[in-house]
Amino acid sequence: TIPDNVTDIGTSAFDSSTQIYCYENSVAHNYAVDNSLEYILIKLHSVNNKVNIDYDNSVIFSFTDICTDIEKIISTAQNYILSVSESLSAGNTKLYGTGSKVVVEDELSNTIEYTIITVGDLNGDSVVDVLDCAVAQLYSAGFHEPTQNEIYAANGCISDEFDVNSYQNVVNMALAS
């Protein structure tokens, strides 16, 4: 994967069996085309360093200070349409918390759906606060079962379990915000 901020790729930097993941019209894309290398265009990319996109699992990990304006955190390559469903709307403010869906559509109407996971946000309101801590405590004590998205939000990564560390992560995130 070659970031779209790369400005130069040296001659013979890759052998002919290399597959390049790149952004449309980037230096890497042009390099792949010019050198007849196999490439895959990345449809989503982070606008800043506060977002982690897991392409394999179709998950976008974000943080609470950037979840009210989706265009500030992700964008698409040209010829793609980006649509988002907010998880909660408060007045004129759109909030993109855990569980919001991002759909990327190309000109042939092929779509890929991503799920936004706001790290620490278990209830989908895009903030990490005492409410998320209370939910985490219920899960940690075994009173309720968390959804897969809530497990991801508590751990900040793809994970299969909610444990005491998950609970502590949510508490730490709430204290930090």
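The structure this text deals with has already been given above.
Residues numbered from 1 in each chain as written. Predicted model: local features only at pLDDT ≥ 70, side-chain atom pairs only at ≥ 80, totals over all residues. Heavy atoms only, no water.

Draft legend 1. Highlighting the packing of aromatic side chains. Here the structure, examined in full by the defined rule, presents 2 aromatic pairs. Each ring, one from F14 and one from Y31, has its centre 5.9 Å from the other, and the planes form 70°; the classification is edge-to-face. Taken together, the positions of F14 in the segment before β1 (19-22) and Y31 in helix α1 (residues 27-34) put the pair 17 residues apart, joining distant regions of the chain. Assessed through its relative accessible area of 33%, F14 is described here as partly exposed. (Phe/Tyr/Trp six-rings, centres within 6.5 Å; stacked < 30°, edge-to-face > 60°. Helix = DSSP H or I, 4+ residues; strand = E, 2+ residues; numbered from the N terminus. Buried < 20%, exposed > 50% of the residue type's maximum accessible area, 1.4 Å probe, protein only.)

Draft legend 2. Highlighting the pairing of strand β2 (residues 38-41). Inspection of the sheet shows β1 paired to β2 by 4 bridges, in the parallel sense. In the sheet register, Y21 faces β2, and the bridge partner there is I40. Handedness of the crossover joining β1 and β2 through α1 is recorded here as right-handed. (Pairing = 2+ DSSP bridges. Right-handed = clockwise from strand over helix to strand, strands pointing away.)

Draft legend 3. Looking closely at α1. Three or more residues of α1 are buried, namely A28, H29, Y31 and A32. Projection of α1 onto a plane perpendicular to its axis shows the buried side chains occupying an angular sector of 160°, all on one side. Looking at the buried residues of α1, the elements they touch are β1 and β2. Once α1 ends, the next one or two residues include S36, with phi positive near 55°. (Arc of directions from axis to C-beta. Contact = heavy atoms within 4.5 Å.)

Draft legend 4. Highlighting helix α2 (residues 130-140). Among the residues of α2, those classed as buried are D132, C133, A136 and Y139. Taken end-on, α2 shows its buried residues confined to a sector of 120°, consistent with a single buried face. Where α2 is buried, its residues meet α3 (148-155) and α4 (164-176). Among the residues trailing α2, G142 stands out with phi positive, at a value near 85°.

Draft legend 5. Representation of the pairing of strand β5 (residues 59-62) within the structure. Alternating positions in β5 separate into two faces, V59 and F61 on one and I60 and S62 on the other, with burial throughout. Note that strand β4 (residues 52-54) and β5 share 3 bridges and pair antiparallel. In the sheet register, D54 faces β5, and the bridge partner there is V59. Connecting β4 to the next strand, β5, in antiparallel fashion are 4 residues, including S58 with a positive phi near 55°.

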